[in-house]
Amino acid sequence: MTRLFRLPAFLLAALSFAFAAPAYAQGTFGAAEKAEIETIIHDYLVEHPEVLVKALDALEKKQAAAELAETKAAVEQNRKAIYDNPMDYVTGNPDGDVTIVEFFDYQCGYCKRSFEPLMDFVKADGNIRLILKEFPILGPVSLSASQAAIAAKKQGRYMEMHAALYEHKGGLDEDGIYEIAEDVGLDLAKLKKDMADPAIQDHVSRTYRLAELLGVDGTPAFIVGGTMYPGAADKERLEKIVKDARGS
């Protein structure tokens, strides 16, 4: 049985004065008394380092809870931009009981790793709405890839382009993007013209601003049930995330 360790009352008081309210402590104790208190605290923590471990663990949990609450509030304040942007591509079940929002970059290795498990999971579940948010943060080529994918919507081939960009082996460059576009059957001349549409750049810029408001600073990042889940997602993680969102 694990027992909670409690500091003696005099040490709690000393910690409170010495750390929680240093200005007050300095005004109350003399230099010799303050040095004695600090020595007592130092010696005790050296003898019982588990106290620091527990304190740091508690602080970490408190910070995580605060960040979670902050993110949930930001999601609630930006619901329309997150869930109802007509420029975002929506796949899966449009009437699904759970919505997964993914911020991604085509050159991101973790995004590539998550692509197949995510698509397989959405298809197998059958009751998930998936919103794909182009978030090109890894340089000009990433931006071009996103512009090409968004422009492909005008030819009804977004998902084909999306998948082909992810499945491409090796590095990506401008010529490679156009080769991929031709391979999926896109009209290249039309694609290039549509990629230059200012509305596409505006859409990407809005996604950057939204990400900043939500605290998204890397890819991939998922929003499910109002909660942010940064990092790659495999089947097991997706199952847990969706289960939590469904409350079961």
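Residues numbered from 1 in each chain as written. Predicted model: local features only at pLDDT ≥ 70, side-chain atom pairs only at ≥ 80, totals over all residues. Heavy atoms only, no water.

1. Quick word on the pairing of strand E2 (residues 98-104)
Convention followed: When accessible area is computed with a 1.4 Å probe and restricted to protein chains, residues below 20% of their type maximum are described as buried, those above 50% as exposed, and intermediate ones as partly exposed. Put simply, DSSP H or I for four residues or longer makes a helix, DSSP E for two residues or longer makes a strand, and each gets a number counted from the N terminus. Here, the term right-handed applies to a crossover whose path from the first strand over the helix to the second runs clockwise when the strands point away from the viewer. One bridge is not enough; two strands pair if DSSP finds at least two bridges between them.
Burial within E2 is extensive, with seven of its seven residues counted as buried. In E2, alternate side chains face the same way, and those of Val 98, Ile 100, Glu 102 and Phe 104 on one face and Thr 99, Val 101 and Phe 103 on the other are all buried. For the crossover that starts at E2, traverses helix H6 (residues 109-125) and ends in the parallel strand E3 (residues 128-134), the hand is right-handed. Where E2 and strand E4 (residues 221-224) come together, four bridges link them in antiparallel fashion. Looking at the pairing, Val 101 lines up with Ile 223 of E4.

2. Thoughts on the packing of aromatic side chains
So the rule is basically this: Pairing of aromatic rings covers Phe, Tyr and Trp, the last counted by its six-membered ring, and requires centre-to-centre distances within 6.5 Å; plane angles under 30 degrees mean stacked, over 60 mean edge-to-face, and any other angle means tilted. Both a distance and an angle decide whether a charge sits over a ring: NZ of Lys or CZ of Arg must be within 6 Å of the ring centre and within 35 degrees of the ring normal.
Considering all chains together, one arrives at seven aromatic pairs under this definition. A cation sits over an aromatic face here: Lys 192 above Tyr 178, 4.5 Å from the ring centre.

3. A word on the nonpolar core
What counts, and what does not: Nonpolar core, defined: a set of buried Ala, Val, Leu, Ile, Met, Phe, Trp, Tyr and Cys residues in which side-chain atoms within 4.5 Å join the residues together. Whether two residues are in contact is decided by their heavy atoms, any of which lying within 4.5 Å being enough.
Residues Ile 100, Tyr 106, Met 161, Leu 165 and Leu 191 are the most contacted members of the largest nonpolar core, which totals 46 residues. Sorting elements by how many residues they give to this core places helix H8 (residues 158-167) first, with seven residues. Among all residues touching Ile 100, those that are not within four sequence positions of it are Leu 118, Ile 128, Arg 129, Leu 130, Ile 131, Phe 222, Ile 223, Val 224 and Val 242. In this structure, Val 75, Ile 82, Ala 211 and Val 216 belong to the second largest nonpolar core, which totals 15 residues.

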